[in-house]
Amino acid sequence: MAITNVIERLEYEWSLENGFLGLLREGRFSEDGLARLLNLLDEIESSESEFIERRLVELLWHMPIFMRWQKERLQENGVQPEKLSSAITEVENRLEVALGFP
């Protein structure tokens, strides 16, 4: 998949209007948004290249951290903590496949 397409789709997921991560910021958990994000992460293929485009890294590395920060806000809106924990694990697992391990 073209890196520019991946970046555009990741930027959408960070958008406040309908992106999965943007909705989390508002205390809303979107099952459809999570599925869309996980599918996108599955499409990112780790490369043999030593370098990864900086913008891609900016959009990826912060996801699990940000998701953890939203725990209280989601709980205030009635989202079960287990749902968020499961989503974080799924995101981290896909990031490990896409980016590899040190």
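Reading the values: rules and limits
Residues numbered from 1 in each chain as written. Predicted model: local features only at pLDDT ≥ 70, side-chain atom pairs only at ≥ 80, totals over all residues. Heavy atoms only, no water. Phe/Tyr/Trp six-rings, centres within 6.5 Å; stacked < 30°, edge-to-face > 60°. Buried < 20%, exposed > 50% of the residue type's maximum accessible area, 1.4 Å probe, protein only. Helix = DSSP H or I, 4+ residues; strand = E, 2+ residues; numbered from the N terminus. Arc of directions from axis to C-beta. Contact = heavy atoms within 4.5 Å. Salt bridge = Lys/Arg side-chain N within 4 Å of Asp/Glu carboxyl O. Patch = residues over 30% accessible without salt bridge, like charges linked within 9 Å, V, L, I, M, F, W, Y side chains within 5 Å. Areas by Shrake-Rupley, 256 points an atom, 1.4 Å probe, with all protein chains shown as cover. Core = buried A, V, L, I, M, F, W, Y, C linked by side-chain atoms within 4.5 Å. Axes fitted to C-alpha atoms, helices over the stretch in contact; angles between N-to-C directions. Parallel < 35°, antiparallel > 145°, perpendicular 65-115°, else oblique. Left-handed = near helix turned anticlockwise from the far one by under 90°. Nonpolar A, V, L, I, M, F, W, Y, C, P; charged D, E, K, R; others polar.

Enquirer: Help me understand the packing of aromatic side chains in this model?
Expert: Any aromatic ring pair is given by two values, namely how distant the centres are and how the planes are angled relative to each other. The final tally for this structure, using the stated rule, is 2 aromatic pairs. For the ring pair Phe20 and Phe29, a centre distance of 5.5 Å and an interplane angle of 85° mean the geometry is edge-to-face. In terms of burial, Phe20 and Phe29 fall into one category: buried.

Enquirer: Just to check I follow, could you spell out the environment of Glu82 for this structure?
Expert: Residue placement: Glu82 occurs in helix 7 (residues 81-99). Taking the C-alpha atoms as reference points, Glu82 and Leu21, separated by 61 residues in sequence, lie 17 Å from one another.

Enquirer: Teacher, can you tell me more about helix 4 (residues 54-61) here?
Expert: Note that an α-helix has 3.6 residues per turn; residues three or four places apart therefore point the same way. Listed in full, the buried residues belonging to helix 4 are Leu56, Leu59 and Leu60. When helix 4 is viewed along its axis, its buried side chains cluster within an angular range of 95° and face the same direction. For helix 4, the exposed residues set more than 90 degrees away from the buried face come down to Arg54 and Trp61. Those residues of helix 4 that are buried lie in contact with helix 1 (3-14), helix 3 (31-43), helix 5 (63-69) and helix 7.

Enquirer: Help me understand the pattern of salt bridges, please; the structure alone is not making it clear to me.
Expert: Close approach of charged atoms allows side chains of opposite charge to pair. Throughout the structure, instances matching the rule amount to 9 salt bridges. Of the charged contacts in the structure, one is a salt bridge between Lys83 and Glu31, with a shortest N-O distance of 2.9 Å. Of this pair, Lys83 sits in helix 7 while Glu31 is found in helix 3, placing the two residues 52 residues apart along the sequence. Overall, Glu31 belongs to the partly exposed group, its relative accessible area being 44%. Notably, a salt bridge pairs Arg94 with Asp42, separated by 2.8 Å at the nearest N-O pair. In this pair, Arg94 is assigned in helix 7 and Asp42 in helix 3, connecting sequence segments 52 residues apart. One salt-bridge network, held together by shared partners, links Glu11, Arg54, Arg55 and Glu58.

Enquirer: Help me understand a nonpolar patch on the surface, please; the structure alone is not making it clear to me.
Expert: A surface patch of nonpolar side chains, about 600 Å² in accessible area, is lined by Ile52, Val57, Trp61, Ile65, Trp69 and Leu99. Its location among the elements puts Leu99 in helix 7.

Enquirer: What is the right way to look at the nonpolar core in this model?
Expert: One finds Leu10, Phe29, Leu41, Met63 and Met67 to be the most contacted residues of the largest nonpolar core, which totals 28 residues. In terms of residue count, the dominant contributor to this core is helix 7 (6 residues). Excluding its chain neighbours within four sequence positions, the residues that come into contact with Leu10 are Leu37, Leu40, Leu41, Leu56, Leu59, Leu60 and Met63.

Enquirer: Quick question: what am I supposed to make of the packing of helix 3 against helix 7 here?
Expert: Angle between the axes and distance between the axes: these two values describe a pair of packed helices. Relative to each other, helix 3 and helix 7 sit at 15°, their axes nearing to 9 Å. The orientation of helix 3 relative to helix 7 falls into the category roughly parallel. Between helix 3 and helix 7 lies a crossing of left-handed hand. Together, Glu31, Leu34, Leu37, Leu38, Leu41 and Asp42 of helix 3 and Lys83, Ala87, Glu90, Val91, Arg94, Leu95 and Ala98 of helix 7 make up the contact between the two elements. Looking at the contact of helix 3 with helix 7 residue by residue, the classes come out as 8 nonpolar, no polar and 5 charged.

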